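# What the coordinates show
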Amino acid sequence: MFDELFEFTQNNDADELNILSVSDLTKCIRIALEADDIFADIWVKGEVSNLTRHSNGHIYFSLKDDSALIRCVIWSGAARNIKQKIADGANLIVHGRLSIYDKQGQYQLTIDQVMEKGIGGLYEAYEKLKSQLREEGLFNEEHKIPIPSFPSKIAMITSPTGSVIRDMVSIARRRFPSVDLVIIPTIVQGDAAPGSIVKSIEFADKHSNADVIILGRGGGSFEDLMCFSDESVVRAIHSCKTPIISAVGHETDTTLADLAADLRAPTPSAAMEIALPDKEELLSHINKMAADISSSMQQIIDRKSSKLDTVMSAASFKYPDRMINEKWQTLDIAKERMYYTFAKIVADADSRLGELSAQLNSLSPLNVIARGYSVIRRDDGTLIRSVKDTFKGEITDTLITDGVIVSKIIDLKEGWSK
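Residues numbered from 1 in each chain as written. Predicted model: local features only at pLDDT ≥ 70, side-chain atom pairs only at ≥ 80, totals over all residues. Heavy atoms only, no water.

### Some thoughts on the side chain of Asp88
We count it as follows: Numbering of helices and strands runs from the N terminus; a helix is a DSSP stretch of H or I covering at least four residues, while a strand is a stretch of E covering at least two. Relative accessible area decides the class of each residue, using a 1.4 Å probe on protein chains only: under 20% of the type maximum gives buried, over 50% gives exposed, and in between gives partly exposed. His is not counted, nor are the chain ends, whereas Lys and Arg count as positive and Asp and Glu as negative. Between Lys or Arg on one side and Asp or Glu on the other, a salt bridge is scored when a side-chain nitrogen of the former is within 4 Å of a carboxyl oxygen of the latter. Think of a polar contact as two N or O atoms within 3.5 Å of one another; within protein, one of them needs to be a possible hydrogen donor and the other a possible acceptor, and neighboring residues in sequence only count if both atoms come from side chains.
Among the structural elements, Asp88 can be located in the loop between α3 (76-79) and β4 (90-101). We note that Asp88 is buried and unpaired, the nearest opposite charge coming from Lys64 at a distance of 8.0 Å. For Asp88, the side chain forms a polar contact with the main-chain nitrogen of Asn50, separated by 2.9 Å. In terms of polar contacts, Asp88 uses its side chain to reach the backbone amide nitrogen of Leu51, at 3.0 Å.

The structure is reproduced here in structure tokens:
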């Protein structure tokens, strides 16, 4: 081991100072660390936090206790043989060897075996509270408020220092420069954080006049983010009338604030991108719409112009006097037909009237009387049709062709015999 260390430290010329590069120093530390068998076969117990599962099958997380934390990695080959559940908050006993990750100069535990000790108290409390709040309906979709498409003002609840606020402001200025940004400083870690976050949410909701609130902080361990799973924070989010986007930690981190918020974003930067439209996309969309409208209007103008040309080329526009004369001629012909039809109707009606008059006249009782017949009736005008309809002594009127004969019946006989 010491021979290898000596080789690293003697690479420079004798006339120069013995200065190691960062890479050489890290290699020296790794050689010294990995050469000692005491760190090649060790068992470690602790609580899992900051768990990340890579798409290639590797698993990264931290093991921690009350005083310290160590980074751990399970390579995909070993991960396939591990049956125990690995989750944030789980208390595990792991086996592996200590190694150095050169690029970050950080020591880590490479794990090949896992034994589950039980769920950590912190994670157990988290799960219990999550179940309770879910039963109360605080995470239900019907309580979610839609995020406005074009907010004019955004309130950012986060730490006033660090890259999170700078990244969000930078994205906002790039995507939608006209938006007003309000930074509401808050504590995002530690015992004082839940109360600070609640006050910031209430202030933003009542006094900021913001269209959207972004609640955000950068990544951290499960314990670091627990303030965003505090019951008071969740209830403050649920009661907020302004739509809230939760952007706490990394994409793999999930807090109860994420579940209660109206929308969850994987990171604070992503939250700002979700909240704001992209001015370039908007301009492109507007230009496309303007081009479509212009094209549609041109098509309408072309169709109307073609129709106008067709109308203008018609004979009625070229020779209006000819059209008027043709209409007059049509009117004259129609008038002649009307007169002819009307005269025919009158003649037919007159002929029919004559026929009906003749028929009526032939049936008239006056004609019958004129031929020598008469009609007998009583004083009340009723006709006497039979000898049985009258009696001796009755006074009757006899109608003849030139007058009326008043008679008194002195005798009645049935039949026409003398």
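### Observations concerning the pairing of strand β8 (residues 212-217)
Applicable threshold: Paired strands are those between which DSSP finds at least two bridges. Crossovers are marked right-handed if the path from the first strand over the helix to the second runs clockwise, as seen with the strands pointing away from the viewer.
With respect to burial, β8 is a largely interior element, 6 of its 6 residues being buried. Where strand β6 (residues 153-158) and β8 come together, 4 bridges link them in parallel fashion. Across the sheet, Ile154 pairs through a bridge with Val212, a residue of β8. As defined by bridge partners, β8 adjoins strand β9 (residues 244-248) across 5 bridges and the pair is classed as parallel. The residue bridging Arg217 from the neighbouring strand is Val248, located in β9. One crossover worth recording links β8 to the parallel β9 by way of helix α7 (residues 231-239), and it is right-handed.

### Re the environment of Ala291
Examined against the element boundaries, Ala291 turns out to sit in helix α10 (residues 279-312). By relative accessible area, which is 44% here, Ala291 ends up partly exposed. For the pair Ala291 and Ile214, spaced 77 residues apart in the sequence, the C-alpha separation amounts to 36 Å.

### Some details on α10
Definition in use: Expected span, for any helix, means 1.5 Å times one less than how many residues it has.
With 34 residues, α10 extends 48 Å between its outermost C-alpha atoms, agreeing within 8% with the 50 Å of an ideal straight helix rising 1.5 Å per residue. Where α10 begins, the side chain of Asp278 points an oxygen toward the backbone nitrogen of Glu280, at a separation of 3.0 Å.

### Quick notes on the nonpolar core
What counts is decided by this rule: To qualify as a nonpolar core, a set must consist of buried Ala, Val, Leu, Ile, Met, Phe, Trp, Tyr and Cys residues joined through side-chain atoms within 4.5 Å. Contacts between residues were defined by any pair of non-hydrogen atoms, one from each residue, lying within 4.5 Å.
Judged by nonpolar contacts, the single largest core of 34 residues is most densely connected at Ile197, Ile201, Leu215, Phe228, Ile237 and Ile244. Listed by contribution, the elements that provide at least two residues to this core are α4 (121-136), β6, α6 (193-207), β8, α7, β9 and α8 (256-260). Ignoring anything within four residues of it in the chain, the contact list for Ile201 reads Ile157, Leu215, Val233, Ala236, Ile237, Cys240 and Ile244. In terms of nonpolar packing, the next biggest core, distinct from the first, is built from 22 residues, Ile70, Ile74, Ala79 and Leu92 among them.

### Re the pairing of strand β1 (residues 42-53)
Relative to β4, β1 runs antiparallel, the two sharing 6 bridges. Residue pairing for β4: Glu47 is matched across the bridge by Asn91. As defined by bridge partners, β1 adjoins strand β2 (residues 59-64) across 5 bridges and the pair is classed as antiparallel. Along β2, the bridge assignment pairs Ser49 with Ser62.

### Things to note about the packing of helix α5 (residues 163-175) against helix α9 (residues 268-275)
As a reminder of what qualifies: Axes, fitted as lines to C-alpha atoms, cover a helix only where it is in contact. Angles between the N-to-C directions of the axes lie from 0 to 180 degrees. Throughout this description, any angle smaller than 35 degrees is read as roughly parallel, any larger than 145 degrees as roughly antiparallel, any in the 65 to 115 degree range as roughly perpendicular, and the remainder as oblique. Here a crossing is called left-handed whenever its near helix is offset anticlockwise from the far helix by less than a right angle, and right-handed whenever the offset is clockwise. Put simply, Ala, Val, Leu, Ile, Met, Phe, Trp, Tyr, Cys and Pro go in the nonpolar bin, Asp, Glu, Lys and Arg in the charged bin, and everything else, Gly too, in the polar bin.
For the pair α5 and α9, interaxial distance at closest approach is 9 Å and the crossing angle is 25°. Between α5 and α9, the angle falls in the class roughly parallel. Crossing of α5 over α9 shows right-handed handedness. On the side of α5, the interface is formed by Val164, Asp167, Met168, Ile171, Ala172, Arg174 and Arg175, while α9 contributes Pro268, Ser269, Met272 and Glu273. Taken together, the residues of the contact of α5 with α9 break down into 6 nonpolar, 1 polar and 4 charged.

### Points about the sheet that holds strand β7 (residues 180-185)
Reading across from one edge, β7-β6-β8-β9-β10 is the order of the 5 strands in this open sheet, with parallel pairing throughout. Edge positions in the sheet fall to β7 and β10 (263-264), since each of these pairs with one other strand and no more. Contacts between α5 and the sheet are confined to β6, β7 and β8, with β6 contributing the most and set at about 165° to the helix. Lying on the sheet, α9 is in contact with β6, β7, β8, β9 and β10; it crosses β8 at an angle near 165°.

### Notes on the sheet that holds strand β13 (residues 403-408)
Read from one edge of the open sheet, 3 strands run β11-β12-β13, paired in antiparallel fashion. Each having just a single partner strand, β11 (375-377) and β13 make up the two edges of the open sheet. On average, adjacent strands in this sheet sit at an angle of 25° to one another, irrespective of strand direction. As paired strands, β11 and strand β12 (residues 395-400) are joined by 3 bridges and run antiparallel to one another. Paired with Val375 across the bridge in β12 is Leu399.

### Description of the pattern of salt bridges
One pass over the structure, following the stated rule, counts 10 salt bridges. A salt bridge links Arg174 to Glu273; the shortest N-O distance between them is 3.8 Å. In this pair, Arg174 is assigned in helix α5 and Glu273 in helix α9, connecting sequence segments 99 residues apart. Using a relative accessible area of 35% as the deciding quantity, one classes Glu273 as partly exposed. Notably, a salt bridge pairs Glu355 with Arg352, separated by 3.3 Å at the nearest N-O pair. Residue Glu355 and its partner Arg352 are located together in helix α12 (residues 320-362), separated by 3 residues, close to a single helical turn. Several salt bridges converge on common partners, so that one network encompasses Glu136, Glu231 and Arg235.

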